[in-house]
Amino acid sequence: MLFSHSTRNRLAEQVRRLFGGMPSRVQVAALPWRERAGQIEIMLITSRDTGRWVLPKGWPEGREELFESAAREAAEEAGISGVMSRVSKGSYFYGKVLSSGMARRCEVRVFPMEVRETAADWPESHERRREWFSAARAATLVREPDLGEIIADFGQRRHKNAA
């Protein structure tokens, strides 16, 4: 493979913008991780609509920094908190269908979070499941190939990428 999924998507986004395409909407995601027995584990949650495995993600609000928005989404959607990286470890693109029925291209910036606390009850606990996976397994469970690459790379290089 000449380019990775994420590189191809980034180049495609630049070409799309060059030819007058609307800019992608920016979302943020937390990449919750912990170390167990010398191995990196990644927490995934289920989406509310299809039940597929995803990262906690959402829209930035107000004057929040992007990493702060990711931390808020992690608390709301997964009931977790911890040490949040201020630096994105990558981004991926996907098509989101808005409540109006319109589709919108979104760029999701991913911020690692070393999980320190896990709540027994949280705002979306009745709508989602959460589970820990090895980084390699989590990378195969997400639908977006470029997100899978971010997760796999993080698991292999955590010592350089950690918050």
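The rules behind the values
Residues numbered from 1 in each chain as written. Predicted model: local features only at pLDDT ≥ 70, side-chain atom pairs only at ≥ 80, totals over all residues. Heavy atoms only, no water. 1 Å grid on protein atoms, 1.4 Å probe; cavity = no way out; pocket = protein on both sides within 12 Å on 5 of 7 lines; lining within 4 Å. Points joined across faces, edges and corners; volume = space filled by probe spheres on them. Helix = DSSP H or I, 4+ residues; strand = E, 2+ residues; numbered from the N terminus. Nonpolar A, V, L, I, M, F, W, Y, C, P; charged D, E, K, R; others polar. Phe/Tyr/Trp six-rings, centres within 6.5 Å; stacked < 30°, edge-to-face > 60°. Buried < 20%, exposed > 50% of the residue type's maximum accessible area, 1.4 Å probe, protein only. Lys NZ or Arg CZ within 6 Å of the ring centre and 35° of its normal. Salt bridge = Lys/Arg side-chain N within 4 Å of Asp/Glu carboxyl O.

Draft legend 1. Highlighting the layout of surface pockets. Of the pockets and cavities examined, the largest pocket occupies roughly 470 Å³. Ser47, Asp49, Lys57, Lys96 and Arg128 are, among the 21 residues lining the largest pocket, the residues nearest its centre. At the level of elements, β4 (57–58), α2 (66–78) and β6 (91–97) are the ones that each hand at least two residues to the lining of the largest pocket. For the lining of the largest pocket, the element with the most residues is β6, which contributes 4 residues. Here the residues of the lining of the largest pocket are counted per class, giving 5 nonpolar, 5 polar and 11 charged.

Draft legend 2. Expanded view of the packing of aromatic side chains. The final tally for this structure, using the stated rule, is 3 aromatic pairs. With 6.3 Å between their ring centres and 35 degrees between their planes, Tyr92 and Tyr94 make a pair best called tilted. On the basis of relative accessibility, which here comes to 11%, the residue Tyr94 falls in the buried class. Sitting over the ring of Trp59, Arg25 keeps its end group 4.2 Å from the ring centre.

Draft legend 3. Structural context of the pattern of salt bridges. Counted by the stated rule, this structure contains 14 salt bridges. Where Glu127 meets Arg48, a salt bridge forms, and the shortest distance between an N and an O atom there is 3.3 Å. Separated by 79 residues along the polypeptide, Glu127 in the loop between β7 (103–118) and β8 (130–134) and Arg48 in the loop between β2 (39–46) and β3 (53–54) bring together distant segments of the chain. Relative accessible area serves as the criterion here: at 41%, Glu127 is assigned to the partly exposed category. The network of salt bridges with shared partners includes Arg48, Glu77, Glu124, Glu127 and Arg128.

Note that every value here comes from positions in space, so none of it alone points to a role or purpose.
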